[in-house]
Every structure is written in C-alpha cells, then in structure tokens.
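Listed below are the residues making up each chain.
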Amino acid sequence: MKKYQRLEEITKMVNQKGTMRISEIVKKLHVTDMTVRRDLAELEEQGVLTKLHGAARSNTAFQYREISHREKNTQNVEAKRLIAQKAASLIEEGDTIFLGPGTTISLLAEEITHKSLSIVTNCWPVFNILFQKTSPSFQVFLLGGEMREITESFVGDITNTTLERMHFSKMFFSANGVKGKSVMTSSVAEAYTQKLALSHSIERYLLVDSSKIGKEDFTTFASLTNITGIIIDDHETEAMKRLRAYTEIIQ
C-alpha cells in the first residue's frame, strides 16, 4: 500500500471509530508501529486527527458523501460562472498556471480566452476543455497518474513526482468546504497533490461559491492565511465577512 493510500485509509478508520488504538491500525494495515506513528504525526499536522497516548482521535468524526464531478456540474452554476469570470480576469498573457480539479475550475477553463499561456492540470475535464484551445503559444499539459473516478482527477506518486519539478505564476483551485481558516477536501491523496501545487505557486486563488463557507470535509489541505485571495460569489453572509480576517475577498 502506497503512503497516500495508507493516510487515506487511516483517516477513514479513525473518523469511523472516533478513537482508534495504534495497535489496531498496525494490525489492519499490516505495517510497523513506527510507520503508523509517522503517518499519525503527518495527519495531525494536517488537522485530520489528534495523537493520544497509544491512539489517535478524529478531529472531524462525521459521516459524509463525496459528490462527484458530474453531480456538481448541476449545482450553483450561475454563482460558479460568475466566480470563473472573475478568476479569468486575473490571468495575464504569458502566465504559467496550475488548475486544480472541480466544476468551478472547469468553468474557468471555458472562460479563458488568452492567446499565450502555459497551463498544467491534473483534472481530465479541465484538460478536455482547454485542449480545444491549444496553439503554438497556448500550451496545455495533463499530469498523469492514478485517476480518482469521482473527481476525474489524477493523484499519486506519478502525478506528484512530475509536479515537484514544476513552478507556476498562478494557481486556481477549489474546495469542498471552508471553515474558519481551513480549506478542505474529501481525499487525502487529492489534498496532497493540491498542497504540493500550492507550494510551487507564487499567487494562489481559491474559487468557491458561498454554499461552501462554513462547511467541513474530510481533510484540510490549505489555510486562508497562506493564499493570495478567495474568489467568491456576491451572496454576502456573516460567515463570508469573517473570511476577511484571513485573506483578501475578491467579489
């Protein structure tokens, strides 16, 4: 079992049980005690769980169902389109961009009309949209790897090894939930890839509609304090107003 698969499995088990002993995890995953302790330390750093003496306690022990890319295509379309248009206005000719997975990012891909860009994505639907626009000065690259069917995005060692050698002027990404200053998604593997791309980007823009504000999800992969700005729809709420304490709001 690869590391990202192990982290995701540990997270699921701990969230399901609420609290789980290290010895149980060792037995179920057939790995060493030291390996589990290292994994728990990493998951604690991500805010997924809290390490206890000989055990781990879930920080977000709740039941959820991850919504697929196809299902999300029909949700809050008007708000997402507005967000995508605002994001497109921040792109400049000659930029090197990373686009993460998500339906709002797919809409951003549709809105891009620039002539000279280099765009990298790990999302199949985003790549398909942009591939129709390619030219000698408009390049699009798809990171391969293991595809997560539910989001139609590539993750894992192949994806991350390639991504580690790349650097971007701007990154546009989405999330399943934003609570406090935590930016969350449903998959540890996907979170790791997003986090890696963020660390290699100069400007980082989060694209979410107001329905995501105040929601929790499986794992935290970014903090609002470490991004350039959040691009959101015009539906002002108290929760959205509190975001201004952490980052710039682009409406």
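Going by the structure above, here's the rest.
Note that the structure is predicted; figures quoted are calculated from it, not measured. (Residues numbered from 1 in each chain as written. Predicted model: local features only at pLDDT ≥ 70, side-chain atom pairs only at ≥ 80, totals over all residues. Heavy atoms only, no water.)

1. A few points about the nonpolar core
Okay, step 1: Counting 26 residues, the largest nonpolar core has Phe98, Phe173, Val183, Leu206, Val208, Ile213 and Phe221 as its most contacted members.
Okay, step 2: Sorting the residues of this core by element identifies strand S9 (168-173), helix H9 (188-199), strand S13 (219-223) and helix H10 (238-243) as the ones contributing at least two each.
Okay, step 3: Broken down by element, this core gets its largest block of residues, four residues, from H9.
Okay, step 4: Setting aside chain neighbours within four positions, we find Ile213 in contact with Val178, Val208, Ile230, Ile232, Ala239, Met240 and Leu243.
Okay, step 5: Core analysis: the second largest hydrophobic core is formed by 25 residues, Ile105, Ala109, Ile112 and Phe127 among them. (Core = buried A, V, L, I, M, F, W, Y, C linked by side-chain atoms within 4.5 Å. Buried < 20%, exposed > 50% of the residue type's maximum accessible area, 1.4 Å probe, protein only. Helix = DSSP H or I, 4+ residues; strand = E, 2+ residues; numbered from the N terminus. Contact = heavy atoms within 4.5 Å.)

2. Some points on the packing of aromatic side chains
Okay, step 1: Applying the stated criterion across every chain yields a total of five aromatic pairs.
Okay, step 2: Centroid distance Trp124 to Phe127: 6.0 Å. Interplanar angle 25°. Geometry classified as stacked. Placement of the pair is Trp124 and Phe127 together in helix H7 (residues 124-131), with a separation of three residues, close to one helical turn.
Okay, step 3: One aromatic cluster is present, formed by Trp124, Phe127 and Phe131 through successive ring pairs. (Phe/Tyr/Trp six-rings, centres within 6.5 Å; stacked < 30°, edge-to-face > 60°.)

3. Looking at the packing of helix H1 (residues 3-17) against helix H3 (residues 33-45)
Okay, step 1: Closest axis-to-axis distance for the H1/H3 pair is 10 Å, and the angle between their directions is 75°. As the angle between them shows, H1 and H3 are arranged roughly perpendicular. Contacts between H1 and H3 pair Lys3, Arg6, Leu7, Ile10 and Thr11 from the former with Thr35, Asp39, Leu40, Glu42 and Leu43 from the latter.
Okay, step 2: When grouped by side-chain class, the residues that make up the contact of H1 with H3 number four nonpolar, two polar and four charged. (Axes fitted to C-alpha atoms, helices over the stretch in contact; angles between N-to-C directions. Parallel < 35°, antiparallel > 145°, perpendicular 65-115°, else oblique. Nonpolar A, V, L, I, M, F, W, Y, C, P; charged D, E, K, R; others polar.)

4. Details of the sheet that holds strand S11 (residues 182-185)
Okay, step 1: The strand order across the open sheet formed by three strands is S10-S11-S13, and the pairing between neighbours is antiparallel. This sheet does not close on itself; its edge strands, each paired only once, are strand S10 (177-179) and S13. Put simply, the sheet's adjacent strands are angled 35° from each other on average, direction ignored.
Okay, step 2: As paired strands, S11 and S13 are joined by four bridges and run antiparallel to one another. Bridging from a neighbouring strand, Val183 pairs with Ala222 of S13.
Okay, step 3: Lying on the sheet, H9 is in contact with S11 and S13; it crosses S13 at an angle near 10°. (Pairing = 2+ DSSP bridges.)

5. Points about the sheet that holds strand S3 (residues 55-58)
Okay, step 1: Read from one edge of the open sheet, three strands run S1-S3-S2, paired in antiparallel fashion. The sheet is open, and its two edges are formed by strand S1 (19-21) and strand S2 (49-52), each paired on a single side. Neighbour to neighbour, the strand axes of the sheet diverge by 20° on average, direction disregarded.
Okay, step 2: As paired strands, S2 and S3 are joined by four bridges and run antiparallel to one another.

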